[in-house]
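Below, each chain spelled out in residue letters.
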Amino acid sequence: MNIIFMGTPDFAVPCLKALIDSGENVTAVFTQPDKPKGRGYKLAPPPVKEVALTHNIPVYQPLSLKKGEDAELALKVINELSPDLIIVVAYGKILPKAVLDAPKYYCINVHASLLPKYRGAGPIQWSVLNGEKITGVTTMLMAEGIDTGDMLLSKSLEIGENETASELHDRLSVLGAETLLDTVKAVKLGSVTPIPQNESESCHAPMLTKAMCPIDFSKTAQEIHNQIRGLSSYPCASAILDGKRLKIYRSEIVKNLRSDKLPGTIVQSKDFTVVCGDGACIRFTEIQAEGGKRMSAEDYLRGRSVSEDTVLV
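The model shown is predicted, which means the values in this text are computed figures rather than measured ones.

**So, the nonpolar core**
Link 1 in the chain: In this structure, Phe5 and Leu172 are the most contacted members of the largest nonpolar core, which totals 39 residues.
Link 2 in the chain: Among the elements that line this core, the one with the most residues is helix 6 (residues 165-189), at nine residues.
Link 3 in the chain: Not counting residues within four places of it along the chain, the set of residues in contact with Leu172 comprises Phe11, Ala112, Ile124, Thr135, Gly136, Val137 and Leu157.
Link 4 in the chain: Counting 29 residues, the second largest nonpolar core, distinct from the first, contains Trp126, Ala221, Ile228 and Tyr300.

Put into structure tokens, the structure is as follows:
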């Protein structure tokens, strides 16, 4: 099958590699333009572009697929390539109807949730933020709405008790590649059975913002633990310690320990244990002080003492 692949970040890389390794004919890759990165703000290619160039696959980076000269040229290239399938994985651009209608068979998207739950830009993070125990990957036919197309295949996995969104991201990217290959196989066999999404079960997973970072210690330990896991490593949960911001990347709920002290109070300074609004306690295990480096809480406490009964806000 002739396949055009559209994707940009690390999450999309296993899918592209799986298509290449399985012998599919990926005729072109569309990805976001190179962007400034690092201290020197040098232009850096998206991860998907790097993989494509390694395999001598032509790469196109239009600013838009919806309007302007870029969009016209992109549509011309797509039509000239006559794809059987267009596969989209975290591309980051909305596809117009002309592109959706271009392939002989389908325009297929790989989405990191069990649709119709968590449509939108942040499905992995929101599944953790909301304390889900199970999530997965769904392939679907692309429609003009956001993640509203008919579902094709899905695979699920359990979310670990202390697993962060970044760790879950990596596992789901591998699961996405497996699901995609099974979907392409089903298309070849003619056994694809699109299933409409149940709108009553849908929910949205919007982009994360820095406004979500400050921890409200009046919440339960589980809610705070989910916040830390879900925002790790961006934009990262935070608290104020001695007037300075402290980023918290990892945590764990302390079993069988409760306190009636004010929420946010450090009750065990030796290992950074803090009481939450429900009286349960949470332990910070990986942090970053303002102006410092990311490190384990244990290493941080070797360099400075934190008094018990100090209150974080």
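**Some remarks on the environment of Gln125**
Link 1 in the chain: Structurally, Gln125 can be placed in helix 5 (residues 123-129).
Link 2 in the chain: Looking at Gln125, the relative accessible area reads 24%, which means it is partly exposed.
Link 3 in the chain: A sequence separation of 39 residues divides Gln125 from Thr164, and the C-alpha atoms of the two residues are 8.5 Å apart.
Link 4 in the chain: When neighbours within four sequence positions are excluded, Gln125 is seen to be in contact with Ala165, Leu208 and Gly230.

**Some details on the packing of aromatic side chains**
Link 1 in the chain: Scanning all chains against the criterion turns up three aromatic pairs.
Link 2 in the chain: With a centroid separation of 5.6 Å and an interplanar angle of 40 degrees, the aromatic rings of Phe272 and Phe284 are classed as tilted. Here Phe284 lies in strand 14 (residues 280-289) and Phe272 lies in the loop between strand 12 (266-268) and strand 13 (273-275), a separation of 12 residues in the sequence.
Link 3 in the chain: Residue classification places Phe284 among the buried positions, given a relative accessible area of 1%.
Link 4 in the chain: Here the aromatic residues Phe272, Phe284 and Tyr300 are joined through ring pairs into a cluster of three or more.
Link 5 in the chain: When the ring centre of Tyr249 is taken as reference, the NZ or CZ atom of Arg294 above it lies at 3.9 Å.

**Concerning the layout of surface pockets**
Link 1 in the chain: The volume enclosed by the second largest pocket comes to roughly 200 Å³.
Link 2 in the chain: Lining the second largest pocket are Trp126, Leu129, Asn130, Met212, Pro214, Ile215, Asp216, Lys219, Glu223, Asn226, Gln227 and Leu231.
Link 3 in the chain: Of all the secondary structure elements, the ones that give two or more residues to the lining of the second largest pocket are helix 5 and helix 7 (221-231).
Link 4 in the chain: The element that contributes the greatest number of residues to the lining of the second largest pocket is helix 7, accounting for four residues.
Link 5 in the chain: Tallied by class, the residues present in the lining of the second largest pocket amount to six nonpolar, three polar and three charged.

**Observations regarding the pairing of strand 10 (residues 237-241)**
Link 1 in the chain: Counting buried residues in strand 10 gives four out of five residues, a clear majority hidden from the surface.
Link 2 in the chain: Across five bridges, the pairing between strand 10 and strand 11 (residues 244-258) is antiparallel. Within the sheet, the bridge partner assigned to Ala237 lies in strand 11 and is Ile248.
Link 3 in the chain: The loop that links strand 10 with its antiparallel partner strand 11 comprises two residues; one of these, Asp242, has a positive phi angle of about 55 degrees.

What counts and how
- Residues numbered from 1 in each chain as written.
- Predicted model: local features only at pLDDT ≥ 70, side-chain atom pairs only at ≥ 80, totals over all residues.
- Heavy atoms only, no water.
- Core = buried A, V, L, I, M, F, W, Y, C linked by side-chain atoms within 4.5 Å.
- Buried < 20%, exposed > 50% of the residue type's maximum accessible area, 1.4 Å probe, protein only.
- Helix = DSSP H or I, 4+ residues; strand = E, 2+ residues; numbered from the N terminus.
- Contact = heavy atoms within 4.5 Å.
- Phe/Tyr/Trp six-rings, centres within 6.5 Å; stacked < 30°, edge-to-face > 60°.
- Lys NZ or Arg CZ within 6 Å of the ring centre and 35° of its normal.
- 1 Å grid on protein atoms, 1.4 Å probe; cavity = no way out; pocket = protein on both sides within 12 Å on 5 of 7 lines; lining within 4 Å.
- Points joined across faces, edges and corners; volume = space filled by probe spheres on them.
- Nonpolar A, V, L, I, M, F, W, Y, C, P; charged D, E, K, R; others polar.
- Pairing = 2+ DSSP bridges.

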